[in-house]
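Residue strings, one per chain:
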Amino acid sequence: MTDSTESGDLRLTGISKTYGGSFTAVHPLDLTVPHGAFFALLGASGCGKTTTLRMIAGLEDPTTGSVLLGDRDVTRLPPYKRPVNTVFQSYALFPHLSVYENVAFGLRRRGAARVRERVGDMLDLVQLGDLAARRPHQLSGGQQQRVAVARALINHPRVLLLDEPLGALDLKLRRQMQLELKRIQTEVGITFVHVTHDQEEAMSLADTVAVMNGGRVEQLGAPAELYENPRTTFVANFLGTSNLIGADVVSAGGGEVVVTASGVRLRLPAGRCATAPGADGRLLVGIRPEKMSLVHRDEADSVPAGRNRFTGTIAAAGFIGVSTQYLIDSPLGPGVEVYVQNIERDPRLTPGAEVVVHWNPEHSFGLDAAQDINSGVETAGDPS
Ligand code: ATP
C-alpha cells in the first residue's frame, strides 16, 4: 500500500477468470468506475462478483485482461503494492490489539508520521473516538465493522473494496451501517467498490450498480434507471418484483407499441422496450406492482380513459402495514402482483372480489420474449 494523491478512474479491460481451465467464473468484462464513485457489484451467490473484486485487489490473477488505476496498469502488482484496500465481511481485526492499535497498525508498519493525529481523525470519521481503548471483543458487530473500515482507509487507498461488509450484521444494524458507509464515502471522496447480494443495499448506497449474472454484467446503471428500465428478465426480477406478461405485438409506430395478451389490449412506449419486437412479434410486458392500481368491479367506470386495464379476481391479499399486496388471477395468468398503499382501504377488496387492475401505459416496459420469464426470481433479494 502506498499513499497516493493521484486520482483516476478504475478500469477493467477484458478481465476474465477461468478456474481449472474449464469453468469461467467471470467472462471478459469491460468496466469503468469513475474516480470517487460509489459502485456496487450486485448479484446472487456464485455470479462472480467476489472473483471480480479479488482481481481488482490482486488476490486473484486474471486469466485475461487488465486492471488499470488512472493510467497505471496494476494487473501484475501484488496486493500490497496496489493503492487499494479491502474490507471483508469477517472484519479480520487483531483481537489482542485495541481499536486504536488496530487502526494504527498499517501506519506503524510503514513508519508513517503523525500516527496519533491520523488515527484520531480516522476514529472521528467512523465515530469511534470514545472507544479507542477497547478490544474488538468489547465492540458490537457494527462497531467492529467501522474499525475495519477505518483501518482500511487510514492509508488513503485510491479504491476501497468492500466484500459483503455488512453481511454478518442483523437487518436493522445493516441498514444503519449502510447510512454510515454512505456518509463516510461522501466525506473521504474515495472510490468504493461494494459487493453485495442485497439489492436494497446496492440501490441505497451506490451511484452506479452493475447487476451480475453467470459471470457477466447484465446491466449497469444508476439504481433508478435499472429499476425503471430493466433490459433483461433477470434484472427485472432480481431488482424488486416485476409482473411479466407474454404478449403478441399488434402494431408498433408513432412511439407506441400495442400488444394483446389473452385478448387484453395493452399499450407501452416504444422507448421503453429493451429490444424491437422480434420476428415472431412477441414481447414480455413488464409492470412493477406498485405502479398498478386496483378498483372494485363496481367502480370500473371510475378508471380514467387511456389507462391499460384488465379485469380479474383477488386470489390473496396480504396487509403489510405500509401497503396491501394483492395477487390477482385474470386471463393474463395467475398471480399478478399489485401493491396498494394503505391510504383509504376499500373493504370490498378481499379474496374472491372481482376487480379492475389499471395503470399508466408509460409505466410499462418491454423485454425480449425469448428470455426465461423466471430468471432472477428464485434468487432475488436478501431473504433476511
Ligand atoms: P458469493 O456471494 O457466494 O460469494 P460470488 O458472486 O461472489 O458469490 P464468486 O466467489 O466470485 O461468486 O465465485 C464465482 C464462481 O467461481 C462460483 O461458481 C465459485 O464456485 C467459483 N469459484 C470461486 N473460486 C474458485 C476457485 N478457487 N476454484 C474454482 N472455482 C471457484
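With an unreviewed UniProt entry as reference, the chain is termed Spermidine/putrescine import ATP-binding protein PotA, source organism Streptomyces inusitatus. Quoted verbatim from the Sequence similarities (unreviewed entry) field of the UniProt record, the comment on the chain reads "Belongs to the ABC transporter superfamily. Spermidine/putrescine importer (TC 3.A.1.11.1) family."

## Observations concerning the side chain of arginine 272
Considering the arrangement of structural elements, one finds arginine 272 in the loop between strand E13 (264-269) and strand E14 (282-287). Among buried Asp, Glu, Lys and Arg side chains, arginine 272 stands out as unpaired, with glutamate 228 the closest opposite charge at 4.5 Å. Among the polar contacts listed, one links the side chain of arginine 272 to the backbone oxygen of serine 364, at a separation of 3.3 Å. Contacts of arginine 272, omitting those with residues within four sequence positions, involve Glu228, Asn229, Glu362, His363, Ser364, Phe365 and Gly366.

## Here we look at the pairing of E13
Across six bridges, the pairing between strand E12 (residues 256-261) and E13 is antiparallel. Note that in E13 the partner of valine 257 across the bridge is leucine 268. Counting the residues between successive antiparallel strands, the hairpin from E12 to E13 contains two residues, one of them, serine 262, with a positive phi of roughly 50°.

## Quick look at the site of the ligand
In the vicinity of the ligand, the residues found are Tyr19, Phe23, Ala25, Ala44, Ser45, Gly46, Cys47, Gly48, Lys49, Thr50 and Thr51. Threonine 50 has a polar side-chain atom sitting 2.6 Å from an oxygen atom of the ligand. Counting residues per element, the ones that place at least two in the shell around the ligand are strand E2 (23-33) and helix H1 (49-57). At three residues, the largest contribution of residues to the shell around the ligand is made by H1.

Calculation rules
Residues numbered from 1 in each chain as written. Predicted model: local features only at pLDDT ≥ 70, side-chain atom pairs only at ≥ 80, totals over all residues. Heavy atoms only, no water. UniProt positions renumbered as here; feature names shortened; annotations may be inferred. Helix = DSSP H or I, 4+ residues; strand = E, 2+ residues; numbered from the N terminus. Buried < 20%, exposed > 50% of the residue type's maximum accessible area, 1.4 Å probe, protein only. Lys, Arg positive; Asp, Glu negative; His and termini not counted. Salt bridge = Lys/Arg side-chain N within 4 Å of Asp/Glu carboxyl O. Polar contact = N/O pair within 3.5 Å; in protein donor to acceptor, adjacent residues only side chain to side chain. Contact = heavy atoms within 4.5 Å. Pairing = 2+ DSSP bridges. Near = heavy atom within 4 Å.

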